[in-house]
Structures are given as structure tokens and as C-alpha cells.
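Each chain, letter by letter, is given below.
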Amino acid sequence: MKVRFIDTLCTNGMHLLFNASLLAILEKIFDKISLYGEKNNINDEIKILEENGVDISKIERKNIYLPIVKSRISNFFLYLCSFFYNLYFIVIADKDDILVFNYNNLLAVRMMNIFNKIFHRKTLIFCHGEMEFLIENRPSFGPFNRFTFYLGKCFFLNKKIRIEQNIKFVVLGDSILKNVKEILPLNISKSFITMDHSYFFKKDDIIKEKVIKTENIKIGTVGLFYRLKGADDFCKLVSSINNKNIEFSITGKILYDVRKLQELGVSLPENLGKDVIPRDILEKRIEDLDFILYLYPITSYKIMASGAILDALSFKRPIIALRNDYFSYIFEKFGEFGYLFDSLEDIINFLNQITLFSIDPTIFDYKMIQQRLSIDFVSKTFREELESISFFN
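Residues numbered from 1 in each chain as written. Predicted model: local features only at pLDDT ≥ 70, side-chain atom pairs only at ≥ 80, totals over all residues. Heavy atoms only, no water.

Topic: the overall build of the protein
Working step 1: Looking only at helices and strands, the protein features 15 helices and twelve strands.
Working step 2: Scaling as 2.2 N^0.38, a compact globule of 393 residues should have a C-alpha radius of gyration of about 21 Å, and the protein matches this with 21 Å.
Working step 3: Counting only C-alpha atoms and orienting by the principal axes, one finds that the protein spans roughly 65 × 45 × 35 Å.
Working step 4: The buried share of the protein, taken over its 393 residues, is 55%.
Working step 5: Across the protein, contacts joining residues at least 24 apart in sequence account for 75% of those joining residues at least 6 apart.
Working step 6: Carbon together with sulfur atoms contributes 52% to the accessible area of the protein, which is approximately 18000 Å² in total.
Working step 7: On the protein, the mean spot of the 52 positive side-chain charges and the mean spot of the 49 negative ones are 6 Å from each other. (Helix = DSSP H or I, 4+ residues; strand = E, 2+ residues; numbered from the N terminus. Rg over C-alpha atoms; globule rule 2.2 N^0.38 Å. Buried < 20%, exposed > 50% of the residue type's maximum accessible area, 1.4 Å probe, protein only. Contact = heavy atoms within 4.5 Å. Areas by Shrake-Rupley, 256 points an atom, 1.4 Å probe, with all protein chains shown as cover. Lys, Arg positive; Asp, Glu negative; His and termini not counted. Charge placed at Lys NZ, Arg CZ, Asp CG, Glu CD.)

Written out as C-alpha cells, the structure reads:
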């Protein structure tokens, strides 16, 4: 049985770790994988697999042309190319192939459903942040993105649509599947299954001390920094802390007022967050932290997962975060590795009282949690899921 792994949306190094971890899971389950995607992206994914000891002999690379995203115009053409590629692969696939679309193109999903009513291909479509926009209105996005969100609502919230029985949408966690079943109509939600978000964790078993040893407690955000990820709350938090032992930092691309962050005394990367930070610098800055901070809105992450929280788990750094459905799910199912709070005021009170001597990084069982979210463990549970829907014999 062959899998066609079809990536028609990732360029410029987008989502390399998720794509590589999904490939590693599929490699554990299936005998042969044809990997279709933009040349540089799939080469980087293969490199990640090799670095993590995954057998790549089962994986055959197939380059496809995709516009490299550099602007809203190129993003539009990327989604347009993806639309036609996705339909093309449904048409040319052999009847025993399993088609794996690692991202859900809202522009294409309705037509993919129509085509599959003709060709009946076993199809897995992985869902990510686009699902959150079914229940939230984000006017800050451009007209094309708002149009795709509208198309998504017209499809996933439509009580009259019948999804072809061989199409399954995959969400990354039981809590997300539960919310999908509560939010989407039954005719749609019954086509959803779940797989936990796995990760390539760092292999050493030792909880590393800070790279730069100081008397201060270092707390920072990691990843893209902008309003929808809690940038305004971050500034409010920093300005409300009177604990002189705390230093705040941001590590990642910044889409926010840098001057305001500098005035607050926040430590920024050398490039001031104007672009993606090189991996070696990113890792050094993370290792220098005592806590990783997540201020995502409490109402977010109902029907999407967060790969960012797994960065903290990989570096064995406890988190300080506002409680949301997904973070609560991870803590309840796999184990705690930090502190969740119900409000920003609760975090402020906690940080104003914390001292360097009250930090004990050994109280969290990082190794056990990592094992339960490892490629090996997740691949076994996902295989059982696929067997239950007759996708695997």
C-alpha cells in the first residue's frame, strides 16, 4: 500500500518540523511513501528525518513547482496552484493509494470532495489554524484570506453537504476533536478523526542549566510575535511587573511596534525580529530562559493545535501560559510542565512573587511526557485509528 504525501502549500521553510514528524509517523505505518512538494522544502524535511535517525529508504521525492511566497500576490497564486494540484492528484492516484494532504486548502476542499465522489480515493486532510477561523472573525487579514475563511465556513458549517466517505479530516488532539463535534454539524464532524501532534525531541536526558548564568529569572516568548498571539497582553504584563529579578525577552519574528518593546526593556534578537532567527541562535536564546511564556487568548486553540508548546517540552523549559483548551488537554493527558493561569492578572501576581530560589526545574517529568508524544508512540495510536476506519489492512 502506497502513500502519496502531497504538500502543495509549504514554501520558504514553512512548517518543516510538522511535515517531517508526519512523514516519520507515516514511515512507521506504511511500506512506501511518495513525497510531493517544493524542492527546497522537501529536501529540508528529508534532512530533518536523517538527523533524527528515520529510515528514508521508503520515501521517494517528487518535486513539484510552487510559487515561493513573498507577498500577498504570490500567496494567492500558491493557493491557486494548490487548488489544481490537489484535484490532479485525486485523478491520477491508483485506487489503492492513500492520499495525505498535510494542509487543508480552504479554496480547494469543496471541489476535492466533489472529485472524490467520482474517484473514491482514500484521503487524509490534516487541519491546522484555518479551522480556528471558522469560529472567529479576523478582519485584520487581507481580502483573499478572508475569502478563503468564508469558503471554509460555507463548507464546514453547512448542514446539507455530504462528505465523501473516503475523505477524513485529521485534527491534532482529542480536545480538538471534541470541540469539532460540538461546533460543526454532524454531517461534517463525523468525517473527522484525531492524531496527537508529535515532535522530534532533543535527545539528551539532562535538564540543561541556563547558557548565561545570572541572578535574574529569564522569561520569554518564542516564535512569531504579533497581536493575535498576545502581543498587547505581553506589553501590559511587562509594564505591570515590579519584580526586579525578572528579565523579559522575545525570540522570533516580530510583527509589532519594536520601539515600544525596546522602551519596555525587552531583550530582542540581533535582527530585531525583522526576519526568522537562525536555528542555532534560536536554540541558544531558548536555553538561556527559565520559563517560556505563552499569552495566547483564552478563547483560542479550541479547534487547532499548538506546535509552539512542544518547543518548551523539547528544551525542558517550564511554561507560563494563559489556560486554553489545548494547553489544558496536553497537561491533563500527558503531564504538566509548567503553570496555567485563568487570567493575565493571575500571571502578574505569580511573577511579582517568584524568586530564583523558588524555581525547581526537576519537578516536571519531561522525559515521560516526551515519550508519550514521541514519533514511535503516536504512530502506534494513529495506526489503530486508521485501522478503525479501514484505511489500513
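This is not the end of the story, as more comes after the structure.
Some details on the sheet that holds strand β4 (residues 98–101)
Working step 1: Here seven strands make up an open sheet; going across it, the order is β3-β2-β1-β4-β5-β6-β7 and the pairing parallel. Because the sheet does not close on itself, it has two edges, and the strands there are β3 (59–63) and β7 (192–194). Within the sheet, the average angular offset between the axes of one strand and its neighbour, ignoring direction, is 25 degrees.
Working step 2: Alignment of strand β1 (residues 2–6) against strand β2 (residues 32–37), held across five bridges, turns out to be parallel. The residue bridging R4 from the neighbouring strand is S34, located in β2. (Pairing = 2+ DSSP bridges. Axes fitted to C-alpha atoms, helices over the stretch in contact; angles between N-to-C directions.)

Regarding the packing of aromatic side chains
Working step 1: In the structure shown here, the tally under the stated rule is 34 aromatic pairs.
Working step 2: For the pair Y88 and F89, a centre-to-centre distance of 5.3 Å together with 65 degrees between the ring planes defines the contact as edge-to-face.
Working step 3: The class for Y88 is partly exposed, based on a relative accessible area of 45%.
Working step 4: Between the aromatic rings of Y301 and F327, the centroid separation amounts to 6.3 Å while the plane-to-plane angle is 25 degrees, which identifies the pairing as stacked. Taken together, the residues span a long stretch of sequence, with Y301 in the loop between β10 (291–294) and α11 (308–314) and F327 in helix α12 (residues 325–334) at a distance of 26 residues.
Working step 5: Of the residues examined, Y301 reaches a relative accessible area of 4% and is grouped as buried.
Working step 6: Each member of the aromatic cluster is reached from another via a ring pair, and the members are F291, Y339, F341, F350, F364 and Y366.
Working step 7: Just above the ring of F391 sits the side chain of K122; from NZ or CZ to the centre is 5.8 Å.
Working step 8: Sitting over the face of the ring of Y296, K229 holds its NZ or CZ atom 4.8 Å from the ring centroid. (Phe/Tyr/Trp six-rings, centres within 6.5 Å; stacked < 30°, edge-to-face > 60°. Lys NZ or Arg CZ within 6 Å of the ring centre and 35° of its normal.)

With respect to unusual backbone geometry
Working step 1: One non-glycine residue, H120, lies in positive phi territory at about 55 degrees.
Working step 2: The residue H120 is located in the loop between α4 (109–119) and β5 (122–126) in this model.
Working step 3: Judged by its relative accessible area of 44%, H120 falls in the partly exposed class.
Working step 4: Phi at K316 is positive, roughly 55 degrees, even though this residue is not glycine.
Working step 5: In this fold, K316 is placed in the loop between α11 and β11 (319–322).
Working step 6: By relative accessible area, which is 5% here, K316 ends up buried.

Notes on the pairing of strand β6 (residues 167–171)
Strand residues, when the strand is regular, have side chains that alternate between the two faces of the sheet.
Working step 1: Most of β6 sits out of view: five of its five residues are buried.
Working step 2: With burial as the criterion, each face of β6 is covered, one bearing I167, F169 and V171 and the other bearing K168 and V170.
Working step 3: As paired elements, β5 and β6 share four bridges and run parallel to each other. Bridged to I125 within β6 is F169.

Shape is all these values report; function is a separate question.
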